[in-house]
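Letter by letter, the chains look like this.
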Amino acid sequence: MADNIHNTDLSSSLVDQVKAAIADNKAIEIVGGGSKSNRPDNVTRQQSDPGLEPAILEVAGNCGIVSYEPTELVVTVRNGTTIAELKSALAEQGQCLPFEPPNYTGADTIGGVIACGLSGPARPYAGSARDYVLGLRLINGKGEYLRFGGEVMKNVAGYDVSRLQVGARGTLGVITEISMKVLPMPQAERTVVRDVASHDESIGILVKESRKPLPVSASACIGDQMMVRLSGSEAAVEAATDDLTADGAGTVDEQGNLFWAALCDQKQEFFTGHSDLAGKPRSSDTPTDPGTETLWRMSVPDYTAQSELADLGSADAWLLEWGGAQRWLRSTSSPAEIYQHAEAVGGHASGFKAQVLVADQPLTGVNQHLHQQLKQAFDPQQLFNRRQ
Amino acid sequence: MTASPQASSPDAHDVNLADPTTQVEREQRRKEAAAALAQWLPQHSILQSREELGPYESDGLTALKQTPLLVVLPETIEQVQAIMRWATETVTPVVARGAGTGLSGGALPHPDGILLGLAKFNRILELNPESGYAVVQPGVRNLAISEAARPHGLYYAPDPSSQIACSIGGNVAENSGGVHCLKYGLTVHNVTQLKVVTADGQLLTIGSHAADSAGYDLLALLTGSEGMLAITVEITVKLLPVPPSARLVMATFASVEDAGLAVGEVIAAGIIPAGLELMDNPAIRAAEAFAKCGYPVDAAALLLCELDGLDAEVAAQIEGVNKVFNDCNAVSQHIANTEEERLLLWKGRKSAFPAVGRLAPDYYCIDGTIPRKTLPEVLRKMDLLSEEYGLRIANVFHAGDGNLHPLILFDSNQPGELERTEELGSRILQLCVEVGGTITGEHGVGMEKINEMCVQFDEQTLLQFHAIKHAFDPLGILNPGKAIPTLQRCAEFGAMHVHNGELPFPELERY
Ligand SMILES: Cc1cc2nc3c(=O)[nH]c(=O)nc-3n(C[C@H](O)[C@H](O)[C@H](O)COP(=O)(O)OP(=O)(O)OC[C@H]3O[C@@H](n4cnc5c(N)ncnc54)[C@H](O)[C@@H]3O)c2cc1C
Ligand SMILES: Cc1cc2nc3c(=O)[nH]c(=O)nc-3n(C[C@H](O)[C@H](O)[C@H](O)COP(=O)(O)OP(=O)(O)OC[C@H]3O[C@@H](n4cnc5c(N)ncnc54)[C@H](O)[C@@H]3O)c2cc1C
């Protein structure tokens, strides 16, 4: 284990702070590491209760690797461990988190990434953040410190509360410790680039490729270029490269790994090249502000024809990845219009301004009711992250 | 589970309370319920005579039996909704049942409730080879999905040994695994969307054909929830391309410890096999006698290690595995020469339960999961327990995943032997918890492991589980009494153990 990793157990202090907030009847905003997206100065306050300032619960200080045994393929870390530190500790043992946790700011924490349910380019091929979570510890809204799941690969005792936390954005409790499955790093990796006439052509190719037993581990389409990453044993990557370049239309990109890293961390030009998206949001920014673009993440079935979404933006306003299942759009369209398109193809959308989540597909009906009931089950006093 | 090759074991626990007044009242309620449900269901979908109810008295855990008020076999989602609305109005317990192969009593009927069988939901609604998914009804058999996908070069990855019989709805309810889960994941990793009917009869879609959905990950929460939160009425599963090459290495070792070590070393070498299974000598002998598959019966331990992928990749991995096994003192190594031989070698493993079942009148299957590194310790302690209780144990083991299946051999006709077996099973599960593992890797808690839940979880955690249950099912009509013990039950279980002597694990949190 790397000596330079910070190692501090603040869990009992975090439990105390939650209990204190309960006693004072104060709401809590959980703040992780890098993005500081939840700090009040960075957040579009809701107009409804301007007087109610939530207590900020800083959780990133609770950090470090609790246990890591490479042959067990399991790592247990405190929430505040940064993605950078975690990745390098695993890399020392030739292992990785196959869902490729993004590291947007350099100080992003594993707790934040799990709470947001974020996965990188490998997601459709290697699985998502939730697929790799085996267990976690949680402080719920009653100030109880609970442990769910464990460090073993298979565990069906009790409800799967661990995976329920992934993407819950801290609304059900404070995650203090996470056990995840890790895997050996692939022996070899190669990126193949080919020109395409349209996004729909690339989707067609990607959908077809993913039904073949090829070791595809990432894919994207920007403008008239399609990129496919192959990962696995030397032999498999070699064979698949041949398959993908057989018709003469594809070439190997030696710098491919740089592209995927930039895409994963949203450092790619599509994300950074527009000041509207990259800049600090003005306090008045909302997704409907005219003239300023919102970055929309559309999560749709991979086979969705791009032509079904085309009227939301011209071809260069889109970046497709995950074999077509994750599509980024820069747009000034109204949220309602985006949601409607997403829903029509069986997907959902969320909007970001300056890396802060500002809009999210609303829930309806029984689904919404069950969400409220579940929130109630974990956090009866509505302590955590009210803003969500 | 206890499975008895003989049709019925006489001293199986009948959970029926044979109070005569209750019996009379129950007959009355049976009639009323049948009449009420006949408003929405055709007569042939309502079973109420003794003979008709008989086959539904237990699931794969035949030691537990119970007669339900009625069995209903709806044919449409609307009928399921109507049943649930009626159950909510009348506060009647509802137990869902797929194929009834469950090993933890999850589908054990409730004496005052209806058993909702999904056997008639047996159609594959859509198989989309281009987009790699299938939409199926919950009663479809696990293997039927792969059979239907096969002509398109696709398959459904999770392959429980019971796959010829068990239903996909049951798989979702148990988050079932199989021998190929090491590489391809459990049910939760291979299901993308569910349609469920809630306790109060509403239809809800959970998940989607996209990579994720807005809101909480209810798909993960519902998977493995043992019929406690909702009734699954439709499932979308991922279909994967059949790997062009799959090869099986069979290696034997002089001791189970050596084999266990080899498992860790394969993984340390950066190889993730498609399946990695371990059997000890009693299991090898039983499987060989049953399936005549060519296992060396004098081996102390046997590993089946399957590698799949592109030809070149598999060849490279076989080389790697051969080297690791050699370094770990393998006694012999053999690579299946033909596809027939590969399938035959798997058949031995997949029929290990019934095979072991022939060694004794009855067997009881344990399902604990442990950190792999504790395998030698756990095996040693199990040997001691086996001696202490005077009961033989055969071991088959999803070694790659750390999921143990010790099979305790016993004879339920010997007075007290079932009880001793259950106690031994419980001790083994507690051992699993003690070394940092869990009481169930894939068979679920059901009725069987309800007491051991008190060992694994503290009071607050159990209350959190109950709160989740309440969020979905405020009246508690779905599969009542299963999966999550009441605190009172735990108090009684704890008291019993203290009474028997010293506390099993004083270092564990309890109350
Ligand atoms: C360039 C850029 C792009 C981004 N893109 C996206 C995106 O596509 N999608 C997206 O969702 N976010 C995005 N973000 C924001 C994202 O929230 C964080 O960058 C990421 O989660 C890193 O986590 P953090 O440690 O900074 O957590 P924070 O940003 O502090 O927290 C993120 C969320 O997780 C919660 N949280 C943090 N730690 C815990 C914990 N231990 N227990 C419970 N809840 C916790 C917080 O309350 C908050 O709701 C982006 C940020 C940047 C800078
Ligand atoms: C010989 C043998 C080998 C086995 N091998 C394995 C193995 O390798 N891996 C493994 O994981 N399991 C194994 N099992 C256990 C069992 O087959 C699985 O648990 C299986 O998933 C149960 O499916 P079923 O259709 O028989 O469900 P049932 O036994 O009918 O029901 C199981 C549970 O699911 C609930 N349920 C069923 N259908 C629904 C629905 N539609 N909606 C809501 N709840 C529902 C029931 O209420 C019950 O709690 C084995 C069993 C046997 C007998």
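Residues numbered from 1 in each chain as written. Chains lettered and ligands numbered in written order. Predicted model: local features only at pLDDT ≥ 70, side-chain atom pairs only at ≥ 80, totals over all residues. Heavy atoms only, no water.

**Focus: the interface of chain B and chain A**
Often, the extent of an interface is quoted as the loss of accessible area upon association of its parts. The test is simple: By definition, residues are in contact when any of their heavy atoms lie within 4.5 Å. A simple way to read buried area is as the amount of 1.4 Å-probe accessible surface that goes missing from two parts once joined, with both sides added. By definition here, a salt bridge exists when the distance from a side-chain nitrogen of Lys or Arg to a carboxyl oxygen of Asp or Glu is within 4 Å. Definition of a polar contact: a pair of N or O atoms within 3.5 Å, with one able to donate and the other able to accept a hydrogen when the atoms are protein atoms, and with sequence-neighbouring residues admitted only if both atoms are side-chain atoms.
With 78 residues of chain B at the interface, the matching set in chain A holds 64 residues. Taking both partners together, chain B and chain A bury about 5900 Å²; carbon and sulfur atoms supply 62% of that area. When the buried area of chain B at its contact with chain A is split by residue, Tyr216(B), Leu310(B) and Gln464(B) rank highest and sum to 13% of it. For the pair chain B and chain A, the number of links is 5 salt bridges. As a salt-bridge pair, Asp212(B) and Arg297(A) come within 2.7 Å of each other at their nearest N and O atoms. Linking chain B with chain A are 22 residue pairs in polar contact (both at pLDDT 80 or more), by the criterion used here.

**Observations regarding the packing of aromatic side chains**
Residue and element names in this part refer to chain A. Inclusion rule: Stacked, tilted and edge-to-face are the three classes applied to pairs of Phe, Tyr and Trp rings, where Trp contributes its six-membered ring and a pair requires centres within 6.5 Å; stacked means planes under 30 degrees apart, edge-to-face means over 60, and tilted covers the rest. Buried residues are those whose accessible area, probed at 1.4 Å on protein chains only, stays under 20% of the maximum for their type, while exposed residues exceed 50% and partly exposed ones sit between those limits.
This structure, assessed with the given rule, holds 12 aromatic pairs over all chains. Seen in terms of ring centroids, Phe259 and Trp260 are 4.8 Å apart; in terms of plane orientation they differ by 75°. Their pairing is edge-to-face. The class of Phe259 is buried, set by a relative accessible area of 14%. For Trp260, a relative accessible area of 2% puts it in the buried group.

**Here's the deal with the domain arrangement of chain A**
Residues and elements named next belong to chain A. Going by this rule: Per the annotation, domain bounds derive from an automatic or database assignment of domains.
Assigned domains within chain A: domain 1 (11-184), domain 2 (188-265) and domain 3 (270-354). Distance between the C-alpha centres of domain 1 and domain 2: 32 Å. Counting from both sides, the interface comprises 9 residues of domain 1 and, opposite them, 9 residues of domain 2. Here domain 1 is connected to domain 2 by 1 salt bridge. Seen at the junction of domain 1 and domain 2, the total is 3 residue pairs in polar contact (both at pLDDT 80 or more).

**Notes on the nonpolar core**
A general tendency of soluble globular proteins is for nonpolar side chains to be buried together. Our working definition: Here the nonpolar core consists of buried residues drawn from Ala, Val, Leu, Ile, Met, Phe, Trp, Tyr and Cys, with membership extended through side-chain atoms lying within 4.5 Å. For the purposes of this entry, the term helix denotes a DSSP run of H or I that reaches at least four residues, the term strand denotes a run of E that reaches at least two, and both are numbered from the N terminus.
If you look at the biggest cluster of nonpolar residues, it comprises 136 residues, and the most contacted ones within it are Ile114(A), Met180(A), Leu374(A), Phe253(B) and Phe325(B). Per element, the largest residue contribution to this core is 7 residues, and it comes from helix α15 (residues 417-434) of chain B. The contacts of Phe253(B), once residues within four sequence positions are left out, are Asp258(B), Ala259(B), Ala262(B), Ala300(B), Ala301(B), Leu303(B), Phe325(B), Cys328(B), Asn329(B), Ala330(B) and Val331(B). Val192(A), Val207(A), Val228(A) and Ile338(A) belong to the second largest nonpolar core, which has 31 residues in total.

**A word on the site of ligand 2**
Residue and element names in this part refer to chain B. What counts, and what does not: In these notes, residues near a molecule or strand are those with any non-hydrogen atom within 4 Å of it. Throughout, the Shrake-Rupley method with a 1.4 Å probe supplies accessible areas, and for residues the shown protein chains are the sole cover considered. The residue classification treats Ala, Val, Leu, Ile, Met, Phe, Trp, Tyr, Cys and Pro as nonpolar and Asp, Glu, Lys and Arg as charged. All others, Gly included, are polar.
By nearness alone, 33 residues border ligand 2, and Ala96, Gly98, Thr101, Ser162 and Ser167 come closest of all. Interatomic distance of 2.9 Å between a backbone N/O atom of Gly177 and a nitrogen atom of ligand 2. With respect to ligand 2, the backbone of Thr232 contributes an N or O atom lying 2.9 Å from a nitrogen atom. Burial of ligand 2 by the protein chains amounts to 95% of its free accessible area of 980 Å². Within the residue set of the shell around ligand 2, elements represented by two or more residues are β6 (94-97), α5 (168-174) and β13 (231-238). It is α5 that provides the largest number of residues to the shell around ligand 2, a total of 5 residues. Grouping the constituent residues of the shell around ligand 2 by class yields 12 nonpolar, 17 polar and 4 charged.

**Some thoughts on the sheet that holds strand β3 (residues 65-69) of chain A**
Residue and element names in this part refer to chain A. To be explicit about the condition: At least two bridges found by DSSP between two strands is the condition for calling them paired. Interaxial angles span 0 to 180 degrees and are taken between N-to-C directions of axes, which are lines fitted to C-alpha atoms, for helices over the stretch in contact.
Ordered by their spatial adjacency, 5 strands build an open sheet running β3-β4-β8-β6-β7, and the pairing between neighbours is antiparallel. Lying at the two open borders of the sheet, with one neighbouring strand each, are β3 and β7 (145-149). Sheet twist, expressed as the mean angle between neighbouring strand axes with direction ignored, is 10°. Alignment of strand β6 (residues 133-139) against β7, held across 5 bridges, turns out to be antiparallel. Residue pairing across strands places Gly135 opposite Gly149, the latter belonging to β7. Sheet strands touched by helix α1 (residues 11-24): β6, β7 and β8 (174-181). Its angle to β6, the strand with the most contacts, is close to 50°.

**Quick notes on the domain arrangement of chain B**
You can read the domains of chain B as domain 1 (2-117), domain 2 (124-241), domain 3 (245-434) and domain 4 (458-508). The C-alpha centroid of domain 3 of chain B is placed 36 Å from the C-alpha centroid of domain 1 of chain B.

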